[in-house]
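# Architecture and fold: a report
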Amino acid sequence: MQPQRPVSDSRENARQAARALRELPPPPTEAQALSESLIARIREAMAVADGRLRFDDYMAMCLYEPGLGYYSAGSRKFGEEGDFVTAPEISPLFSRALARQCAELLEELGEDAEILEFGAGRGVMAADILLELERIGRLPRRYAILDVSAELRERQRLTLAERAPGLLGRVVWLERLPEAGFRGVVLGNELLDAMPVRRFRCGENGVEELFVAEVDGRFALQPQPAEAGLRARLAPLCEGLPPGYMSELNLAAEGWVAELGGFLEAGAALLIDYGFPAHEYYHPERSGGTLMCHYRHRGHDDALIYPGLQDITAHVDFTAIADAALVADLQVLGFANQTNFLLANGITELAAEEEGDDRQRMAIAAQLKRLTMPGEMGELFKVIALGRGIERPLRGFMLRDERGRL
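Owing to the predicted nature of the structure, the values given are computational and were not obtained by experimental measurement. (Residues numbered from 1 in each chain as written. Predicted model: local features only at pLDDT ≥ 70, side-chain atom pairs only at ≥ 80, totals over all residues. Heavy atoms only, no water.)

### Some points on the overall build of the protein
Where we set the bar: By definition, any uninterrupted DSSP run of H or I lasting at least four residues is a helix, any uninterrupted run of E lasting at least two residues is a strand, and each is numbered from the N terminus. Here the radius of gyration uses the C-alpha set of atoms, whereas the globule reference equals 2.2 Å times the residue count to the power 0.38. Throughout this description, buried means an accessible area under 20% of the type-specific maximum (1.4 Å probe, protein chains only), exposed means over 50%, and partly exposed covers the range between. We call two residues in contact when some of their heavy atoms are within 4.5 Å. All accessibility values rest on the Shrake-Rupley procedure with a 1.4 Å probe; residue burial counts only the protein chains present in the view.
Scanning the protein from N- to C-terminus turns up 14 helices and 16 strands. The C-alpha atoms of the protein give 22 Å as radius of gyration, which agrees with the globular expectation for 406 residues (22 Å, within 12%). Burial statistics for the protein: of 406 residues in total, 56% are counted as buried. Here the contacts in the protein between residues at least 6 apart in sequence split such that 79% fall between residues at least 24 apart. Surface accessibility of the protein: about 17800 Å² in total, with carbon and sulfur atoms responsible for 50%.

### As for the environment of T290
Note the cut-off: A 3.5 Å cut-off defines polar contacts: any pair of N or O atoms within that distance qualifies, except that in protein one atom must be a possible hydrogen donor and the other a possible acceptor, and neighbouring residues in sequence count only when both atoms are side-chain atoms.
By the element assignment, T290 lies in the loop between α10 (278–281) and β11 (292–295). Taking C-alpha positions, T290 is 31 Å from F263, a pair spaced 27 residues apart along the chain. Contact partners of T290, with chain neighbours within four places excluded, come to E248, Y281, T313, A314 and H315. At a separation of 2.8 Å, a polar atom in the side chain of T290 contacts the side chain of E248. A polar contact of 3.0 Å, which involves the side chain of T290, links it to the backbone nitrogen of H315.

### Some thoughts on the packing of helix α5 (residues 92–109) against helix α6 (residues 124–135)
Angle between the axes and distance between the axes are the two parameters that describe a pair of packed helices. Put simply, the rule is: Lines fitted to C-alpha atoms define the axes, with helix axes restricted to the stretch in contact, and inter-axis angles between N-to-C directions lie between 0 and 180 degrees. Any angle between 65 and 115 degrees counts as roughly perpendicular, while under 35 counts as roughly parallel, over 145 as roughly antiparallel, and the rest as oblique. The sense of a crossing depends on the near helix, which, turned anticlockwise from the far helix by less than a right angle, makes the crossing left-handed and, turned clockwise, makes it right-handed. Each residue receives one of three labels: charged for Asp, Glu, Lys and Arg, nonpolar for Ala, Val, Leu, Ile, Met, Phe, Trp, Tyr, Cys and Pro, and polar for the others, Gly being one of them.
The interhelical angle for the contact between α5 and α6, taken along N-to-C directions, is 55°, at an axis separation of 8 Å. What the angle tells us is that α5 and α6 run oblique. Crossing handedness for the pair α5 and α6: right-handed. Only M125, D128, I129, E132, L133 and R135 of α6 make contact with α5, whose side of the interface consists of P92, F94, S95, R96, L98, A99, R100, A103 and L106. Taken together, the residues of the contact of α5 with α6 sort by class into 9 nonpolar, 1 polar and 5 charged.

### A closer look at the state of the cysteines
Rules: Defined by distance alone, a disulfide is two cysteine sulfur atoms within 2.5 Å.
A complete count under the given rule lists 1 disulfide for this structure. Its sulfur unpaired, C62 is 8.7 Å from the next cysteine sulfur, which belongs to C293.

### Remarks on the pattern of salt bridges
Put simply, the rule reads: Salt bridge, as used here, is a side-chain nitrogen of Lys or Arg placed within 4 Å of a carboxyl oxygen of Asp or Glu.
Enumeration according to the criterion identifies 29 salt bridges in this entry. Salt-bridge contacts for D56 lead to R54; the nearest nitrogen and oxygen are separated by 2.9 Å. When its relative accessible area of 12% is taken as the criterion, D56 is described as buried. Looking at R54, the relative accessible area reads 28%, which means it is partly exposed. Taking the shortest distance from any N to any O, the salt bridge between D358 and R361 comes out at 2.3 Å. In this pair, D358 and R361 both sit in helix α14 (residues 358–372), 3 residues apart, roughly one turn of the helix. For D358, a relative accessible area of 53% corresponds to the exposed category.

### A closer look at the sheet that holds β11
Put simply, the test is: The criterion for strand pairing is that DSSP finds at least two bridges linking the strands in question.
Here 3 strands make up an open sheet; going across it, the order is β12-β11-β13 and the pairing antiparallel. Taken across any chain shown, the strands that pair with only one partner, and hence form the sheet edges, are β12 (298–300) and β13 (311–313). On average, each strand axis in the sheet is inclined to that of its neighbour by 25°, with strand direction left out of account. Bridging between β11 and β13 involves 3 bridges; their strand directions are antiparallel. Of the residues in β13, the one forming a bridge with H294 is D311.

Structure (structure tokens):
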């Protein structure tokens, strides 16, 4: 098979020039060696796949390849010393407010209800939620965690043993999805954005899918005519977008919602992530898509450098998530930005209960600002609730429910 030309236009050339000017710190020798090992494994995968990988397969290897992927190799990822900071790492107030919504659901579902968290990071959110639920007398039967990374599972155990030792016995780690009949609350904070995405381009001759291949010793994007299913899904979208428009499609996230519909008997999934409804996600001015990489608290859009050493994410199309929920016979119970969800769950009241000196109060105010201000996390991050068998309106969406935007 003859190699195809890389994506090449003025926008891509500008990106390449910008990338050359960025001052990303070079990785340490040990990290660079891990990356080189992953590059060799990616080359092996390309060799048996006609010299190229679909972008989601490349992204999956970069993030999850055993022993070498970003979430599998043991490097520090979360917190101020890692590559990015999540809301639970910013302040326990985030998890305490989220626990209030969990408590309402647990009360409705009864004593046998449990909590299941996907992708629990260092375990900070799990510890703080359990401590808050204990404080208000609404502990679940058990708190289950499902995480693909063995290294992170061990960190979660250590965090829980340190922050909530009396509640560690209530926590279990799962190896696979629960069987049908699950009753409780499913939590996913920045879960969907880390799922591998398909990348596409609206070409002059139709929808093109973007693959990763090696060109002149470097990884590069290459367009190929999209297969029939992808073309049928994206052709109507591309009709309203300019030629050369690039973006992402997260079929893995839609598949995850389908799996949720398969095991959830009664309860709700609360999914917190950054993203937009479809009409904003595929806005004509967002012509390069939403793909982002995080490396030592520096954000950029080049997923082809430092394989295994940087996080790769894409924003969430919440309309697609809602549509997938309906197909899975789930209800969309609410949709709001993070600000309104946290305020409705009493985050300001929780902050007011905190005691301390002026310095501590200023730190809490700064945490609240970061979590709720539109220019920080408050507007970009959204909360969507998907469920089955829940009768009462959820308190987190009582201040403002924007399901109509989906």
